[in-house]
Amino acid sequence: MDIATILGIVSAFGLVSLAMVTGGGLQMFVNIPSLLIVMGGTMGASLVNFPLREMLGVVGVLKNAFLQRVTSARDLIPQIVELAKQARKEGLLSLEALANQAPDPLLGKGLKLAVDGYEPQSIEKILATEIDYLSERHQKGADLFQAMGTFAPAMGLIGTIIGLVQMLQSMEDPSTIGPAMAVALLTTFYGAVLANILFLPLAGKLRNRSSEEFLVKSIIIEGVLSITAGDNPRVIEHKLQAFLSPRMRENL
Amino acid sequence: MDIATILGIVSAFGLVSLAMVTGGGLQMFVNIPSLLIVMGGTMGASLVNFPLREMLGVVGVLKNAFLQRVTSARDLIPQIVELAKQARKEGLLSLEALANQAPDPLLGKGLKLAVDGYEPQSIEKILATEIDYLSERHQKGADLFQAMGTFAPAMGLIGTIIGLVQMLQSMEDPSTIGPAMAVALLTTFYGAVLANILFLPLAGKLRNRSSEEFLVKSIIIEGVLSITAGDNPRVIEHKLQAFLSPRMRENL
Amino acid sequence: MDIATILGIVSAFGLVSLAMVTGGGLQMFVNIPSLLIVMGGTMGASLVNFPLREMLGVVGVLKNAFLQRVTSARDLIPQIVELAKQARKEGLLSLEALANQAPDPLLGKGLKLAVDGYEPQSIEKILATEIDYLSERHQKGADLFQAMGTFAPAMGLIGTIIGLVQMLQSMEDPSTIGPAMAVALLTTFYGAVLANILFLPLAGKLRNRSSEEFLVKSIIIEGVLSITAGDNPRVIEHKLQAFLSPRMRENL
Amino acid sequence: MDIATILGIVSAFGLVSLAMVTGGGLQMFVNIPSLLIVMGGTMGASLVNFPLREMLGVVGVLKNAFLQRVTSARDLIPQIVELAKQARKEGLLSLEALANQAPDPLLGKGLKLAVDGYEPQSIEKILATEIDYLSERHQKGADLFQAMGTFAPAMGLIGTIIGLVQMLQSMEDPSTIGPAMAVALLTTFYGAVLANILFLPLAGKLRNRSSEEFLVKSIIIEGVLSITAGDNPRVIEHKLQAFLSPRMRENL
Amino acid sequence: MDIATILGIVSAFGLVSLAMVTGGGLQMFVNIPSLLIVMGGTMGASLVNFPLREMLGVVGVLKNAFLQRVTSARDLIPQIVELAKQARKEGLLSLEALANQAPDPLLGKGLKLAVDGYEPQSIEKILATEIDYLSERHQKGADLFQAMGTFAPAMGLIGTIIGLVQMLQSMEDPSTIGPAMAVALLTTFYGAVLANILFLPLAGKLRNRSSEEFLVKSIIIEGVLSITAGDNPRVIEHKLQAFLSPRMRENL
């Protein structure tokens, strides 16, 4: 799945580069000051908008999104059903050892709470709070990239206006007008490329990851509560499969 | 209904092509590199944004939307009323055989749960979860096309800026300016056409399908619960018809 | 009220036409192929987006919005209070005859349910479902016009780019540039006029109608439930008047 | 507070006028047909979108927003606490006389309902309905100005395209191109000024007024219910002050 | 954290200035009347939109956002757990002295209410009202900057149109066209810079502060209610840590 992301970035940048090369060479699209104003300005505006801590955490968030695997919803359901069977046979307390090897930290936490004898309402409340704030925290990473995706084109526009004003103030030599405008357009170009190939799709990716994780966490909460309630394992399986799409179920 | 979609795409593309032909021929609107940058860039940005699995599933989603018939709400109500009558006469268990031939898988599942003696609250919860996640999954297909509908014009703009910069850097021969700008505009053209005739309307179509299915599924849940509760078939009919528009009811 | 809509369309189109005539004649703004591409393209994109049935139903929806009168909230309250008085004096069953002459079909349906001895919860549920799906169905008509209001300018832009590309490819004779650009701009013009004078305001009108109807239906539900509960007519009057604006109440 | 609104309109228009005057005189910005098309077109589109009644009520809504004072939340709390003290000492019925002099009609109504012996649930329901529909009605005024704020620039664009088409069709005399384009731009100018200095800020003002009133009405409901419940006046004071900002409380 | 904001503003403005200086000097970007029309117009439109009181309060809101520290969620939890331990050992009343030294005013208020013997429901309602209206008040500061961030570019556009109209009306001397357009573009430049480097990021910052504070206040309410209920301190710790991100918990 992460290969897709990298493939996407590489192919999109590749096609854009190809278009630049075939039309007369890359060098006319390279302009360090223009790049500086767009990237630096976007960083600056983001620093005003977001806490420093969050800006620095971006690398971690991205690494997470690319490398860490989301616990698979399909793998999870049989495991929860197994836990339910064992709880029925040998009692809730027998899950204590398994809680530590749970494939998902939230599942582990939920089982520990159940083993510790917390009431179902308390378990539900604690796990639900965890999900609420988890999705809120994930949202923040997406918000950061979304904001960068709106600041970048704006900085591109600002850079282009600066270039246009400078060009318009000194038009004595008509032959310089074209190249000057070309350079002025580069900041708009950088802004559009950064926003549409990098920032906005990455914001979308983080939002997607967040909703996948939300599904998994919802299954876990439902499962832990059902185990605690001593539900029939077959009933639990039915309940949890309702979270999956028909295609996912067929492959089960 | 699917004829409408195909008719829409054909007529819109036809009119656009007509305008291109009558104004001097199609060939000046064909530019493979421009098409590559718009389509490839859109694909690339989407690959970053969405899991590979979802991108590959797009063909299935579309085939579904065009070929699969949504169970008709109008046909469904008399069938549910029939089931309610039989349940009253011969008991809930008599529905077991009918559950397998139910015109809609959700109806079949609901009936089986009822026959198996699940409590009404459990049935409602299982079926409601199914609907919740069904509409969320449908939403994703629409999201994908919506995103492609915003990336395509952005890629068109990027391509046009590349063309403009190249043109502005080499304006020695004024006679080349016009054609160069014409070519630069083609990516914007491709982006606008793909977005507004294909991606955005298809996103809308998927959203519409989703809300139609939601109506049908809501009727089924209400119906199954009423049957389980042993409601009077006439009362059930009243309740379910409230979901329909007056026009749909007249034709009943 | 419908006079206002027609007045609005006529005056806006009139002013636009006046501006066209005084600046040199209407004929330079008439271009059948341009009109075809904008209207046909908008239709085409809408056919992809919406079911054929809904597209064909548009005429009915508009006729409805212009000709059918919304039951007036102000007239309704005294009628409901009258019904409540009679129900108190002569019993709920005495409303049976009046149910058939109710000024609003939902009121009639609610009274019939009450007379038939349905429980308050069932009545509330049936009527509430009816409102929920009523407003959803109304929303769809507004959605259709809203979508046409975004497709029309997009088609205008596509047409203008086609015209510009054709013009830029053949600039040998400078005297043709002006008129060619003028023609290219016409699709943008048609798109803007159709969207802003027709489609978007009509979408707004349908949304407004929907919220007016929602108010009336809410009053009816509250009223029927109060009658069923045997509330004091004066209390009912108080409750229902809370739905009205102070100005509407003064005129009562 | 209303001085601010007038100050804002005057200063913004003043600065714009100054810029027009210093650059060569106001007369080149005055063009009656251009003004007509923007204002008339905006009115026309709004007439299609909104009921005539609402359009005519706009003057009243604005007069209200500028002249009528919102009951101050800070003044209200001590008054409610006083009422609570009296109700405790001399009974609920002793509030009857005070109900008629209540500083806010909703407070008067709530007290009357309490004195008349309505049950707390009924009182809450009636007052809550009143607030719901109050804020919905206020929203409509804001919606109208918001819509005018989107129609005005659109009409400006339509006018400018008309002007451009007319100019492009008759470019024999190059010296007329500049002035013709200047005139064509005027409708865009009028649309931008009307939308951004008048319509959109006024829509914002109405939304702000609505949320201020909502705060006051929420305090009143909470207060009336607490009085009816016979709460300790000191407890009521605590509860109601929670609605205020710390700064407002200090000044109490 | 506030250093980040200042760093962001300084670096973004610095990069923009650098681009201006290297391209021929700052002086061609300085135009007092243009600055006046953008800033004055933005102020004017905001004065229409927002109450004077709020406009004047902006300085205080910003000072707050930059200087006042948000109570740290991580520091708060051990303190609440300590309070819970003491309440269990020495009774709720023993918290009276500590209430006055609470690190957060809301915690102090909550403890006082608990000590005063308010019922849990009352405490929850009072504290929840406080949070509701707190976040609503914070939202207003963000709304103000957001509105200024949309008015500023609009004023920039208005200024540029004024400049263009003046230039187009007097094009006798072609050598003045360039500089006149350059000056006309300056208002657009000012509008874009103010909006994207100052107003919009500051609106974002205020929204972020608001959500941080919301987290802290939610922890406090949950904590106070748990203390009042006499929960086990270890259970309370578990419950409150669910609000934190895993990274925050590790550092605990």
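Residues numbered from 1 in each chain as written. Chains lettered and ligands numbered in written order. Predicted model: local features only at pLDDT ≥ 70, side-chain atom pairs only at ≥ 80, totals over all residues. Heavy atoms only, no water.

Colleague: Explain the relation of the copies chain A and chain B residue by residue, including any values.
Modeller: Relative to chain B, chain A is turned by 72° and slid 0.0 Å along the rotation axis, the superposed coordinates differing by an RMSD of 0.0 Å. Viewed as a symmetry operation, the transformation between the two copies matches a five-fold axis. Residue Pro 174 of chain A, judged by its C-alpha, is the member of chain A lying nearest the rotation axis, at 11 Å. (Least-squares fit on C-alpha atoms with pLDDT ≥ 70 in both.)

Colleague: Any chance you could break down the interface of chain D and chain E for me, citing the residues and the numbers?
Modeller: Between chain D and chain E, the contact holds 49 residues from the first and 36 residues from the second. Counting each side, the surface lost to burial between chain D and chain E is near 3,800 Å², with a carbon and sulfur contribution of 69%. Where chain D meets chain E, there are one salt bridge. Between Lys 125 of chain E and Glu 222 of chain D there is a salt bridge whose closest N-O contact spans 3.3 Å. At the surface where chain D touches chain E, the tally comes to five residue pairs in polar contact (both at pLDDT 80 or more). Put simply, the parts of the chain that give the side of chain D that touches chain E at least two residues each are α1 (2-22), α8 (177-228), α9 (233-241) and α10 (246-250) of chain D. Among the elements that take part in the side of chain D that touches chain E, α8 of chain D stands out by supplying 24 residues, more than any other. (Contact = heavy atoms within 4.5 Å. Buried area = accessible area lost by both parts, 1.4 Å probe. Salt bridge = Lys/Arg side-chain N within 4 Å of Asp/Glu carboxyl O. Polar contact = N/O pair within 3.5 Å; in protein donor to acceptor, adjacent residues only side chain to side chain. Helix = DSSP H or I, 4+ residues; strand = E, 2+ residues; numbered from the N terminus.)

Colleague: Summarise the arrangement of the chains; cite the residues concerned and give the values.
Modeller: In this assembly chain B lies apart from chain E, the nearest approach of their C-alpha atoms being 18 Å. No interface is formed between chain C and chain E, the nearest pair of C-alpha atoms being 18 Å apart.

Colleague: Explain the interface of chain A and chain B to me, and be specific about the residues and the numbers.
Modeller: The partner chain B presents 36 residues to the 49 residues of chain A that form the contact. Around 3,800 Å² of area is buried between chain A and chain B when both sides are counted, 69% of it from carbon and sulfur atoms. At the junction of chain A with chain B, the criterion picks out one salt bridge. Linking chain A with chain B are five residue pairs in polar contact (both at pLDDT 80 or more). At the level of elements, α1 (2-22), α8 (177-228), α9 (233-241) and α10 (246-250) of chain A are the ones that each hand at least two residues to the side of chain A that touches chain B.

Colleague: Give a detailed account of the nonpolar core, specifying residues and quantitative values.
Modeller: Grouped together as the largest cluster of nonpolar side chains are 220 residues, with contacts concentrated most on Phe 189 of chain A, Phe 189 of chain B, Phe 189 of chain C, Phe 189 of chain D together with Phe 189 of chain E. Ignoring sequence-local partners within four residues, the contact set of Phe 189 of chain B consists of Val 16, Met 20 and Phe 29 of chain B together with Ile 158, Ile 161 and Ile 162 of chain C. (Core = buried A, V, L, I, M, F, W, Y, C linked by side-chain atoms within 4.5 Å. Buried < 20%, exposed > 50% of the residue type's maximum accessible area, 1.4 Å probe, protein only.)

Colleague: Got a sec to walk through a nonpolar patch on the surface? Specific residues and values, please.
Modeller: A contiguous nonpolar surface patch, about 290 Å² in accessible area, is contributed by Val 30, Ile 32 and Leu 36 of chain A. Summarising the element assignment, Leu 36 of chain A is placed in helix α2 (residues 32-49). (Patch = residues over 30% accessible without salt bridge, like charges linked within 9 Å, V, L, I, M, F, W, Y side chains within 5 Å. Areas by Shrake-Rupley, 256 points an atom, 1.4 Å probe, with all protein chains shown as cover.)

Colleague: I'd love a proper account of helix α9 (residues 233-241) of chain C, names of residues and values included.
Modeller: Looking at α9 of chain C, one finds that the buried residues are Pro 233, Val 235, Ile 236, Lys 239, Leu 240 and Gln 241 of chain C. For α9 of chain C, the capping residue at the N-terminal end is Asn 232 of chain C, with a side-chain oxygen 2.9 Å from the backbone nitrogen of Arg 234 of chain C.

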